[in-house]
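Analysis of the macromolecular model
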Amino acid sequence: MQTREYGNTGQQLSIVAFPGIVVKDETAENSSRYVSWAIDQGINYFDVAPGYGNAQNMLGPALEQHRNDVFLSCKTNKRDSPPARAELEESLKLLHTDHFDLYQLHAMTTEEDLEVATGPGGALEVLVKAQEQGLVRHLGFSAHSAEVAIELMNRFDFDSVLFPVNFTTWFESGFGPQIMNEAEKLGVVRLALKGAAHHALQDRNDRVREKCWYAPIEDRDLMKLALRWTLSQPITAAVPPGDPELWQMAVEVAQDFTPITPDEEEQLRENARGRKPLFELAHA
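This report concerns the structure included in the present document. For every chain, the first residue of the written sequence is number 1, and numbering continues from 1 onward in sequence order. Selection of residues for local features in this predicted model requires a pLDDT of at least 70, selection of side-chain atom pairs for listing and counting requires 80 or more, and totals for whole chains, interfaces and linings are taken over all residues. As a rule here, side-chain values come from all non-hydrogen atoms in the structure, and water together with hydrogens is ignored.

1. Side note on the pattern of salt bridges
For this document, the term salt bridge refers to a Lys or Arg side-chain nitrogen within 4 Å of an Asp or Glu carboxyl oxygen. Scanning the model with the defined rule gives 20 salt bridges in all. For the salt bridge of Arg85 with Glu89, the shortest nitrogen-to-oxygen distance reads 2.8 Å. Residue Arg85 and its partner Glu89 are located together in helix α3 (residues 81–94), separated by 4 residues, close to a single helical turn. Only protein chains enter the area calculation, which uses a 1.4 Å probe; residues under 20% of their type maximum are buried, those over 50% are exposed, and those in between are partly exposed. Arg85 sits in the partly exposed class, given a relative accessible area of 22%. Glu89 gets classed as partly exposed once you look at its relative accessible area, which sits at 42%. For Asp101, the salt bridge identified is with Arg137, shortest N-O distance 3.2 Å. On the criterion of sequence distance, the pair formed by Asp101 in strand β6 (residues 100–108) and Arg137 in strand β7 (residues 136–143) is long-range, its members being 36 residues apart. Within this structure, Arg209, Glu218, Asp243 and Glu245 form a network of salt bridges that share partners. Helix and strand assignments follow DSSP, with helices taken as H or I runs no shorter than four residues and strands as E runs no shorter than two, numbered in order from the N terminus.

In structure tokens:
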């Protein structure tokens, strides 16, 4: 698996991550098997969050023997300080670790998320304090709003932003380029979500894979094209789907990554036409 540097830290991340939701509701045996397979494929970037059901409970024991060899990322969706601190401490305990390599504000979406998390007594204070205490090394956030993402990067010196870099969303709604450009301008590391997603569902109850709230790409050739497009953007790494079968497919098709060509990008643009994007701009 190819690697890219996380900023100017010297830390190399595998270009495809292990999405913690893969082990949600799995047995301990399966969880250990998935983690071992990932390590064997050269994956060293692991991403998890309390919002992924019991994923932390399953990932902690499975990852423990490999902890010193991986870059472990976690998140909090709490916006106020006390619950954010409690969640951080619980995550450290469940994941059998004394620190996170990256800790993030999770799914920053609304103006309220922004104001509460960055205001007095907000969750950002917890992240800063945890970094001072050596409990986390790098600080970041994941974003479901382009406007909120841009404002956050200008309010605080985050190390990285995790956001959708998805061909359908990029081409059909224009969501993504503005976050990419602002992050690049400010020197913020870019991490990608939803690179192997196809389009949004009209109704999330129509999901075809329990761990994917969107319509995932299930065709191997199309997934390879989509991931190559995402990995051809100025990003460090991509977090693939949480469905075990699709995650393994994503890892396999990314093993011989080569940059997308203009003709292939045009194929994706045509494929996306008329599809419902996963995210849209608030002020299109």
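2. A short note on the packing of helix α6 (residues 146–155) against helix α8 (residues 177–186)
Running from amino to carboxyl end, α6 crosses α8 at an angle of 10°, the nearest separation of the two axes being 9 Å. With respect to α8, the element α6 is oriented roughly parallel. Residues Ala146, Ala149, Ile150, Met153 and Asn154 of α6 lie in contact with α8, whose contacting residues are Gln178, Ile179, Glu182, Ala183 and Leu186. Residue polarity is assigned by list, with Asp, Glu, Lys and Arg as charged and Ala, Val, Leu, Ile, Met, Phe, Trp, Tyr, Cys and Pro as nonpolar; anything else, Gly included, falls into the polar class. Of the residues belonging to the contact of α6 with α8, the class tally is 7 nonpolar, 2 polar and 1 charged. Only the contacting stretch of a helix is used when fitting its axis, a line to C-alpha atoms as for every element, and angles between N-to-C directions run 0 to 180 degrees. What sets the label is the angle itself: under 35 degrees gives roughly parallel, over 145 gives roughly antiparallel, 65 to 115 gives roughly perpendicular, and the rest give oblique. Note on definitions: a residue-residue contact is assigned when non-hydrogen atoms from the two residues lie within 4.5 Å.

3. Here we look at the sheet that holds strand β12 (residues 237–239)
Strand order across the open sheet formed by 8 strands is β3-β4-β5-β6-β7-β8-β9-β12, with parallel pairing between neighbours. Single-partner strands in this sheet number two, and they are β3 (18–19) and β12. Of the pairings in the sheet, the one linking β7 to strand β8 (residues 160–164) comprises 3 bridges and is parallel in character. Within β8, the position partnered with Phe141 by the bridge is Val161. Against the sheet, α3 makes contact with β5 (71–76), β6 and β7, and its axis sits at roughly 135° relative to β6, the strand it touches most. Two strands form a pair only when DSSP identifies at least two bridges running between them.

4. Notes on the pairing of strand β9 (residues 189–193)
Of all 5 residues in β9, 5 are buried; the element is thus mostly enclosed. Where burial is concerned, the two faces of β9 agree: the one with Val189, Leu191 and Leu193 and the one with Arg190 and Ala192 are both buried. Taken together, the 3 bridges between β9 and β12 define a ladder with parallel strand orientation. Paired with Leu193 across the strands is Val239, a residue of β12.

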